[in-house]
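Next come the chains, spelled out residue by residue.
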Protein chains: 2
Amino acid sequence: MRKHVMVAQSGGPTAAINASLAGVIRGVISGDTYDKIYGAVHGITGVLEERFLELSAKAREDDGFLDQLILTPAMYLGSCRVKMPNREEDPGIYDRIFEILERMNIGAFFYIGGNDSMDTIAKLAREAARRNSDIRFAGVPKTIDNDLVLTDHTPGYGSAAKFIAATMLEIAHDTYIYDLPCVTIVEIMGRDSGWLTAAAALARNSYNITPQLVYLPEVPFHRSQFLEDVRNELKRSKNVIVAVSEGIRDENGVYISAKEAVADLFGHKQLSGVGKALENLVKKEIGTKVRSIELSILQRCAGHVASGQDINESCRLGEYAVQRTAAGETGFISVIQRISDEPYLIEIGQAGLDDIANKAKMVPREWINEAGNDVTEDLFRYIRPLIHGECRVQWEDGLPVYLPVGHLNHAGE
Amino acid sequence: MRKHVMVAQSGGPTAAINASLAGVIRGVISGDTYDKIYGAVHGITGVLEERFLELSAKAREDDGFLDQLILTPAMYLGSCRVKMPNREEDPGIYDRIFEILERMNIGAFFYIGGNDSMDTIAKLAREAARRNSDIRFAGVPKTIDNDLVLTDHTPGYGSAAKFIAATMLEIAHDTYIYDLPCVTIVEIMGRDSGWLTAAAALARNSYNITPQLVYLPEVPFHRSQFLEDVRNELKRSKNVIVAVSEGIRDENGVYISAKEAVADLFGHKQLSGVGKALENLVKKEIGTKVRSIELSILQRCAGHVASGQDINESCRLGEYAVQRTAAGETGFISVIQRISDEPYLIEIGQAGLDDIANKAKMVPREWINEAGNDVTEDLFRYIRPLIHGECRVQWEDGLPVYLPVGHLNHAGE
């Protein structure tokens, strides 16, 4: 009797994480190693609470299921933010998980997520080794932040980068219209790494020089230098656009957003975003018209402008993970290895979970200009292929057609 | 010798105002009344400063020019924010404008814009009558706010509404993923009228009940009622999304955003957005996880999700205005008259400039529910057809291909 597969999603949403889920499902139903595939609702929490959706049945019943799942943003199975305790801290949780997996005749478990999720799956893989369990554990990467090591880039990043670059271009068109000096500050996600903010610079083209200034968290931010940068750019152009990471810090490592915390009328301090903080700074010190825009969660959920490249790769990473466990592997994560930039060629491979969890990949200092206010051509070469290709999202009555959120159908949520 | 045409754009940008410009150009080059068409750079300011682009030459030289112009967001010619003085205040400005138009052998002048722009063109039309000038003046409407009277809806509104509805659906997917109570507040444009915010409700579908609460500026906003509304919705669903207009006011007419102004560390009061104000209120009074998102200028510049219906109608309104001046009309604005909702049928017609300028159309009270926290089915019937249809924006290297901003090529800006 063939064993079954379990899959779950964890961490923050992206436009491509359901493509990886679709890849795992496709890997199972197109192969002959496994029988059914169960999705745990809300990550590892759903395993512990035994809340499952039988995904193989859905994929077989409905021909369009996988096609729609691939292009649906956020997480079909829902997410959780759980830090898996070490075995010594809570052996019971491990006993409970393995009891459930064995009772359900699970042969392989896939966790699609970022850094924390890889830590969870690494711990489960070690536990399996300790128990001599033959259940295989594999990770499938995802994070818009692109900060995982050992993979050229992460699923979800390309789509977020595409949204950011396209939106920056549209913001440029919008802000060019007046004949008055104006500064626009766009705050972009990425608390620790500047990969997302760097993508803003892709909006530059033959007629658009914006954003002229790009600040990443990899380089300390100096307010006085920033003001000088803005003043210099205002001499060259009436329309100055600044792309800034939410996570920039000053020379002492203090977040700029935190330093500019504002107090409400009741005296409570509110953490204002870095965009607002810099807007206030420009208003006060330079006095030009200035506004700030926070791209917020739109950059991770805009399925209608997902990158075709990203969606394809995300799907392949999921499928590959299933093929490798079927071939006997465990304790790994599927990764992307870049062969060349032009033409853009990659290979899907694998890396050890212990080597990838709890590490972070920053934008290399040499991909940021010396002044620390822009990115270099090397960085463009790296990002450009990742935003290529558009997805054929279906539209009906003027709106994109996505798959209903799976976990909402579960237990009447 | 045939006369020429002049056209300019004014007010805030939209995704459809260049489609109206393309319509005016098409009207000129496809008819036999007029010869050249000049675009004034930066609205009426460009007329006074004699900064012109010859658009007919561009359209004839480059086959793709009009097709690309139609789908390019914001304003190809640039904008201005000028309140035209009355003749008594500044007769010189009228003399100067007419001297230029006559010297350039202009037969018709078109101004594409919102309320203020219609005031400008109405004044110029009255001046022409006073002078017995045979130059004809016509307005072509645009505003994402949809607040012009005498037209069923305004060009630009449908595209903004489509962006808002699609984005609300994607935000819903994003926020559904956690199994924890969470309130998301989305701040939408529309200082005085709630048309844009109302479009958020189009995101509801067979699986998505969000946004559950919709607050428009047409109805006074009560903080205590708002908190009760949110508490009630949290009993029904873990994921509560609130769509709120930037312009909501309390029972005394005071903007909610203004009342919640925050002081920065230097003691300067900052006007925080209404989204942030309500976020703070929920955090303080209810204590659930809460976040706010400001759609900001993305809702008016996202050309890549423009409404096909909107773009087509915007183009037709421009073309129609040219045809009517060619037929001898002046002092009018082209408008949309709705024949039926289903099937959606419209006719293009005209209205008197004096009847449309300086008036505003609000969401009727009967299209808002009694509790003042949602919209009614009548409003859905009105908006739905306006977001229909997608545009075939070209993509290259992963980004939308727009027409370079025209006024930037002018005078080395």
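Structure first, text after, so check above.
Just so it is clear, the structure is predicted and the values come from calculations on it, not from any experiment.

Re helix H11 (residues 274-285) of chain A
Residues and elements named next belong to chain A. If you check H11, its first and last C-alpha atoms are 16 Å apart, about what 12 residues at 1.5 Å a residue would give, namely 16 Å. Buried within H11 we find Val 274, Gly 275, Ala 277, Leu 278, Glu 279, Asn 280, Leu 281 and Val 282. Just beyond H11, the residue with positive phi is Gly 287, at close to 85 degrees.

Focus: the relation of the copies chain A and chain B
Turning one copy of the chain about an axis and sliding it along that axis gives the other copy, so a rotation and a shift relate them. For the pair chain A and chain B, the relating rotation is 180 degrees, the translation along its axis is 0.0 Å, and the fit reaches an RMSD of 0.0 Å. Given the turn and translation reported, the copies of this chain are related as if by a two-fold rotation axis. The overlap is high: 100% of the interface residues of chain A also sit at the interface in chain B, so the same surface is used on both sides.

Structural notes on the environment of Val 242 of chain A
Following the sequence through the fold, Val 242 of chain A ends up in strand S8 (residues 239-245). On a C-alpha basis, the gap between Val 242 of chain A and Val 274 of chain A in space is 12 Å, while along the polypeptide they are 32 residues apart.

Notes on the pairing of strand S2 (residues 34-40) of chain B
All names here are of chain B. Of all 7 residues in S2, 5 are buried; the element is thus mostly enclosed. Pairing geometry for strand S1 (residues 3-9) and S2, over 4 bridges, is parallel. Directly across from Val 7, in S2, lies its bridge partner Gly 39. Read from S1 through helix H1 (residues 17-30) to S2, the crossover connection turns out right-handed. As paired elements, S2 and strand S3 (residues 52-54) share 3 bridges and run antiparallel to each other. Bridge pairing in S3 links Tyr 38 to Glu 54.

Comments concerning the side chain of Thr 143 of chain A
Residue and element names in this part refer to chain A. By the secondary structure assignment, Thr 143 is in the loop between strand S5 (136-141) and helix H7 (157-175). With a relative accessible area of 8%, Thr 143 lands in the buried category. A polar contact is formed between the side chain of Thr 143 and the backbone nitrogen of Asp 145, at a distance of 2.9 Å. In this structure, Thr 143 is in contact with Thr 14, Leu 148, Thr 154, Pro 155, Gly 156 and Tyr 157, ignoring residues within four places of it in sequence.

A few points about the interface of chain A and chain B
On the chain B side, the residues contacting the 73 residues of chain A number 73 residues. Between chain A and chain B the total buried area reaches about 5,900 Å² when both faces are included, carbon and sulfur atoms providing 65% of it. Its largest share of buried area at the contact with chain B, chain A owes to Glu 170, Ile 177 and Tyr 178 of chain A, together 11% of the area lost on that side. At the boundary of chain A with chain B, the tally comes to 4 salt bridges. Note that Arg 300 of chain A is salt-bridged to Asp 174 of chain B, the shortest N-O span being 2.7 Å. Viewed at the interface, chain B and chain A are joined by 21 residue pairs in polar contact (both at pLDDT 80 or more). Mapped by element, the contributors of at least two residues to the side of chain A that touches chain B are H7, strand S9 (262-263), strand S10 (269-270), H11, strand S11 (289-294), helix H12 (298-301) and strand S15 (399-400) of chain A. When residues of the side of chain A that touches chain B are assigned to their parent elements, the largest contribution, 11 residues, is made by H7 of chain A. Here the residues of the side of chain A that touches chain B are counted per class, giving 37 nonpolar, 18 polar and 18 charged.

Thresholds, definitions, all that
- Residues numbered from 1 in each chain as written.
- Chains lettered and ligands numbered in written order.
- Predicted model: local features only at pLDDT ≥ 70, side-chain atom pairs only at ≥ 80, totals over all residues.
- Heavy atoms only, no water.
- Helix = DSSP H or I, 4+ residues; strand = E, 2+ residues; numbered from the N terminus.
- Expected span 1.5 Å × (residues − 1).
- Buried < 20%, exposed > 50% of the residue type's maximum accessible area, 1.4 Å probe, protein only.
- Least-squares fit on C-alpha atoms with pLDDT ≥ 70 in both.
- Contact = heavy atoms within 4.5 Å.
- Pairing = 2+ DSSP bridges.
- Right-handed = clockwise from strand over helix to strand, strands pointing away.
- Polar contact = N/O pair within 3.5 Å; in protein donor to acceptor, adjacent residues only side chain to side chain.
- Buried area = accessible area lost by both parts, 1.4 Å probe.
- Salt bridge = Lys/Arg side-chain N within 4 Å of Asp/Glu carboxyl O.
- Nonpolar A, V, L, I, M, F, W, Y, C, P; charged D, E, K, R; others polar.

Coordinates in, geometry out; function isn't part of it.
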